[in-house]
Amino acid sequence: MSTANVYVGLGSNEGDRESYLVAALEALSLIDAVIVLRCSPLFDSAPVGPPQPRFLNAVVALDCGLGPQRLLAILQRIEQDLGRTRSRGRWGPRPIDLDILLWEGEVVADANLQVPHLELHKRRFALEPLVELAPDVKHPVLGVPVKELLARLDPQDVRRLSATQWPELSPLVNES
């Protein structure tokens with residue numbers, strides 16, 4: 001199977017948010033047929049939905065040799081392993097949230113997976129880190145670069161943070 005550039009959004013708003021993101025990154029680096037290429041800086045953002053703690057967000061670029069459904073299943077297992085429970089509802093607080101934002105050049109429209117992420121073009125907390133990694137990658141449905149989508153957005157409560165453990169913008173290579 002050929003590989004594709006895939007962009008995964010990471011978020012956490014419970015406990016030591018940065019540690020959860022680092023643990024998720026470590027788990028991603030252990031997936032066979034996946035190479036973690038780069039990590040965005042960290043961004044602190046206001047939650048979408050009901051009142052809850054602020055989120056810490058990042059995006060990682062992957063070179064992925066898996067299909068979208070297989071990667072989704074692995075991401076959901078990582079979330080589960082890191083303590084996420086789905087019983088709190090869709091918009092509730094969570095230790096970790098992993099979303100496939102873009103699968104370069106692909107559109108996936110299944111009952112349990114929509115790629116590009118249906119809300120990507122509206123969410124500064126996802127676009128800011130994505131633009132740090134791949135400003136010229138095109139949204140495959142809207143046909144414009146993600147940096148243009150970001151430029152179109154109204155201001156939102158999202159700010160870049162300095163990392164203590166997170167390897168922002170450093171090229172990463174795992175042993176896959």
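A. Structural detail: the overall build of the protein chain. When helices and strands are tallied, the protein chain shows four helices and eight strands. In the protein chain, the succession of helices and strands from N to C terminus is β-α-β-β-β-α-β-β-β-α-α-β. Dimensions along the principal axes, computed over C-alpha positions, put the protein chain at roughly 40 × 35 × 35 Å. The proportion of buried residues among the 176 residues of the protein chain is 49%. Excluding contacts between residues fewer than 6 apart, the proportion of contacts in the protein chain whose partners are at least 24 apart in sequence is 71%. Per element, the accessible surface of the protein chain, about 8600 Å² overall, is 51% carbon and sulfur. Each charge class in the protein chain was averaged separately, 18 positive and 23 negative side chains, and the resulting centres sit 5 Å apart.

B. Region of the structure containing the environment of Gly11. Here Gly11 lies in strand S1 (residues 4-12). In sequence terms Gly11 and Arg70 are 59 residues apart; their C-alpha atoms lie 20 Å from each other. Other than its neighbours up to four places away in sequence, Gly11 contacts Leu21, Phe55, Leu56, Asn57, Pro95, Ile96 and Asp97.

C. Fine view of the state of the cysteines. Inspection of the entire model under this criterion finds zero disulfides. Free of any disulfide, Cys39 has its nearest neighbouring cysteine sulfur in Cys64, separated by 15 Å.

D. Quick look at the nonpolar core. The biggest cluster of nonpolar side chains holds 33 residues, and the ones touching the most others in it are Val6, Val60, Leu71, Ile100 and Trp166. Among the secondary structure elements, those contributing two or more residues to this core are S1, helix H1 (17-29), strand S2 (34-39), strand S4 (55-64), helix H2 (68-81) and strand S5 (97-103). In this view, Trp166 contacts Leu10, Glu18, Leu21, Val22, Leu25, Cys39, Ser40, Pro41, Leu42, Ala58 and Val60; residues no more than four positions away in its chain are not counted.

E. Local environment of the pairing of S4. Counted residue by residue, S4 has 10 buried out of 10 residues, so it is predominantly covered. Neither face of S4 is open: one carries Phe55, Asn57, Val59, Ala61 and Asp63, the other Leu56, Ala58, Val60, Leu62 and Cys64, and all of them are buried. Direction of pairing for S1 relative to S4: antiparallel, over a ladder of nine bridges. Of the residues in S4, the one forming a bridge with Val8 is Val60. Bridge analysis of S2 against S4 gives five bridges, and the strand direction is antiparallel. Note that in S4 the partner of Cys39 across the bridge is Val60. In the sheet, strand S3 (residues 42-45) pairs with S4 via three bridges, with the strands oriented antiparallel. By the bridge assignment for S4, Phe43 is matched with Asn57.

Calculation criteria
- Along each chain, numbering runs from 1 in the same order as the chain's sequence is written.
- Totals for whole chains, interfaces and linings use every residue, but because this is a predicted model, local features are given only for residues with pLDDT of at least 70 and side-chain atom pairs only at 80 or more, for both listing and counting.
- The basis for every side-chain value is the complete set of non-hydrogen atoms in the structure, without hydrogens or water.
- Helical segments are the DSSP runs of H or I of at least four residues, strand segments are the runs of E of at least two, and each set is numbered from the N terminus.
- Buried, partly exposed and exposed residues are distinguished by accessible area as a fraction of the type maximum, computed with a 1.4 Å probe on protein chains only: under 20%, between the cut-offs, and over 50%, respectively.
- The contact definition used throughout considers only heavy atoms, calling two residues in contact when any of these lie within 4.5 Å.
- Accessible surface is estimated by sampling points in the Shrake-Rupley manner with a 1.4 Å probe; for residues, cover comes only from the protein chains shown.
- Positive charges come from Lys and Arg alone, negative charges from Asp and Glu alone, with His and the N- and C-terminal ends not counted.
- For charged residues, the charge sits on one atom: NZ in Lys, CZ in Arg, CG in Asp, CD in Glu.
- Disulfide: a pair of cysteine sulfur atoms within 2.5 Å of each other.
- Take the buried Ala, Val, Leu, Ile, Met, Phe, Trp, Tyr and Cys residues and link them wherever side-chain atoms come within 4.5 Å; each set so joined is a nonpolar core.
- Strands are labelled as partners when DSSP assigns at least two bridges between them.

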